[in-house]
Amino acid sequence: MTIQLVAIQFVVFVFIILILHVFFNRQLSMAMKRLQELNRQNLEKEVSLNKELERAKQERQLEIEKGREEAKQLREAVKQEVEKSREQMLSGVHQDAKRVLEEATQECERMKRDAGRQIDEAAINVALSIIREIFSQNLRQELQHQLVDELIEALGKIGKDKFASAGYRVTVISSYPLIDSQKETIKNIISQASSRPVELEEKIDPSILSGIIIDLGGVILDGSIKNKLNKILPKIRSTQNIPS
C-alpha cells in the first residue's frame, strides 16, 4: 500500500512538473513574440524617421543650391565693376554654403542617433514591463540565479589586469539578495585575482528586475537582464537590415 502511494505521488509530481514546463515555455514564447512585434513597430518608425531626415536634408540641399545660384547672378552683375569684391563675395558664399551643409548633416545625424537611443530605451522598458508582468516571482528568482551563475562564470574567466583597480570593498548590486555560496564564490574569485582580501558591499535594487552588477572600481561587470536586452537589440536590428 505504501509503495502504491509513493508511486502515485511520484506520478503526480512528474505530471505537475511537465505542466509547469509547458506553461513556462508558452509564456516565454508569448513574451518573445510581443517583444519581436514591438521591435518591428519600432523599426518601422525608425525607417519613417530616416525618410523624414532624408527629405529635410534634400530641402536643405535645394536651399543651398538656390543660394549658390543667387550668388552666381550677383557675381555676373558686378563682374565688370568690382572684380576683387566679386572674388571675396564668391568665396564667402562657398564657405557659408559648406558651413550650412555641414551643420545640416551634423543635425541630421544627431537627430538620427537621438531617435535610435529613444527607440532602444522604449523597447527595453517595454520588454522589462512584459517580463515583470508575465514572469512570476518564482520565475524571476530562478532567472536571477541563472544570471548570477553566468556572471560568476564570466568573472572567473577575465584577466587579472581587470582587477588591478579593485579596492578592498567591492560593490555588488542585485535585484534579489545573494545566497551565501554566491557571495563567497564572488569574493574568492576577486580576492585571488587581485591578490588581496576584499569585502562585498551588497545593494538591493529591484529596478534592475533580475541579475547583478559588480563594480570593481574601474571595471563594471553588468549581468542584469536590462544589459542583456541592450545587447540583443543590435542583433535583432541587424537581422532586419536596418541601420542603427
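Sequence order sets the numbering: in each chain, residues are counted from 1 along the sequence as written. With pLDDT at 70 or above as the cut-off, local features in this predicted model cover only qualifying residues; side-chain atom pairs require 80 or more to be listed or tallied, and sums for whole chains, interfaces and linings still use all residues. Computation of side-chain values: all heavy atoms of the structure, hydrogens and water removed.

A. Summary view of the confidence of the model for the chain. Of the residues in the chain, 87% have a pLDDT of 70 or more, and the chain-wide mean is 79. Within the chain, helix α2 (residues 83–134) has the poorest average pLDDT of any element, 72, and strand β2 (residues 199–204) the best, 91. Per-residue confidence from the predictor is reported as pLDDT, which spans 0 to 100. In DSSP terms, a helix is any run of H or I states spanning at least four residues, a strand is any run of E spanning at least two, and both are numbered starting from the N terminus.

B. Representation of the nonpolar core in the model. One finds Leu 155, Ile 186, Ile 190, Ile 212, Ile 214 and Leu 216 to be the most contacted residues of the largest nonpolar core, which totals 16 residues. Going through the elements one at a time, α3 (137–155), β1 (169–174), α4 (180–194) and β3 (212–215) are the ones with two or more residues in this core. Core analysis: the second largest hydrophobic core is formed by 10 residues, Ile 130, Ile 134, Phe 135 and Leu 209 among them. Each nonpolar core is a collection of buried residues, namely Ala, Val, Leu, Ile, Met, Phe, Trp, Tyr and Cys, held together in the definition by side-chain atoms within 4.5 Å. Categorising residues by exposure relies on relative accessible area from a 1.4 Å probe, with only protein chains included: less than 20% of the type maximum marks a residue as buried, more than 50% marks it as exposed, and the intermediate range marks it as partly exposed.

C. Molecular detail of α3. Helix span, as expected, comes to 1.5 Å for every residue beyond the first. Compared with an ideal rise of 1.5 Å per residue, which puts 19 residues at 27 Å, α3 spans 26 Å between its outermost C-alpha atoms and is within 8% of the ideal. For α3, the complete set of buried residues consists of Leu 139, Arg 140, Leu 143, Gln 144, Leu 147, Val 148, Leu 151, Ile 152 and Leu 155.

D. View of the sheet that holds β3. By definition, two strands form a pair when at least two bridges between them are found by DSSP. Reading across from one edge, β2-β1-β3-β4 is the order of the four strands in this open sheet, with mixed pairing throughout. Bordering the open sheet on either side are β2 and β4 (220–222), each of which pairs with just one other strand. Strand after strand, the sheet turns through a mean of 15° between neighbouring axes, direction not considered. In this sheet, β3 lies alongside β1 in antiparallel orientation, the contact comprising four bridges. Counterpart to Thr 171 in the pairing with β3 is Asp 215. It only takes one pair of heavy atoms within 4.5 Å for two residues to be counted as in contact. All axes are obtained by fitting lines to C-alpha atoms, using only the stretch in contact for helices, and the reported angles, taken between N-to-C directions, cover 0 to 180 degrees. Strands β1, β3 and β4 of the sheet are contacted by α3, whose axis makes an angle of about 30° with β3.

E. Quick look at unusual backbone geometry. In this structure, Ser 195 takes a positive phi of about 60° despite not being glycine. On the secondary structure map, Ser 195 appears in the loop between α4 and β2. The exposed category is assigned to Ser 195, whose relative accessible area is 65%. A positive phi angle, close to 70°, is found at Leu 209, a residue other than glycine. If you trace the backbone, Leu 209 turns up in the loop between β2 and β3.

F. Fine view of the packing of α3 against α4. In contact at an axis separation of 10 Å, α3 and α4 are set at 15° when each is read in the N-to-C sense. As far as their axial angle goes, α4 and α3 are roughly parallel. For the element pair α3 and α4, the recorded crossing hand is left-handed. Judged by residue contacts, His 145, Val 148, Asp 149, Ile 152 and Leu 155 of α3 engage Gln 182, Thr 185, Ile 186, Ile 189 and Ile 190 from α4. An angle below 35 degrees is treated as roughly parallel, one above 145 as roughly antiparallel, one from 65 to 115 as roughly perpendicular, and anything else as oblique. Crossings are assigned a handedness: left-handed for a near helix turned anticlockwise from the far helix by less than a right angle, right-handed for a clockwise turn.

G. Focus on the side chain of Gln 182. Within the secondary structure, Gln 182 is located in helix α4. Using a relative accessible area of 6% as the deciding quantity, one classes Gln 182 as buried. When neighbours within four sequence positions are excluded, Gln 182 is seen to be in contact with His 145, Val 148, Asp 149 and Ile 152.

H. Up close: the pairing of β1. Relative to β2, β1 is paired through six bridges, and the arrangement is parallel. The residue bridging Ile 173 from the neighbouring strand is Lys 203, located in β2. Here, the term right-handed applies to a crossover whose path from the first strand over the helix to the second runs clockwise when the strands point away from the viewer. Regarding the hand of the β-α-β motif, the stretch spanning β1, α4 and β2 is right-handed.

I. Geometry of the pattern of salt bridges. Just to be clear on terms, a salt bridge is a Lys or Arg side-chain nitrogen sitting within 4 Å of an Asp or Glu carboxyl oxygen. Scanning the entire structure with this criterion turns up 10 salt bridges. Close ionic contact of Lys 228 with Glu 150 constitutes a salt bridge, the shortest N to O distance being 3.3 Å. Residue Lys 228 is found in helix α5 (residues 225–239), and its partner Glu 150 is found in helix α3; the two are separated by 78 residues along the sequence. In this structure Glu 150 comes out as partly exposed when scored by relative accessible area, which is 33%. Across the pair Lys 183 and Glu 202 runs a salt bridge, and its minimum N-O distance is 3.1 Å. With a gap of 19 residues between them, Lys 183 in helix α4 and Glu 202 in strand β2 connect regions that are remote in the sequence.

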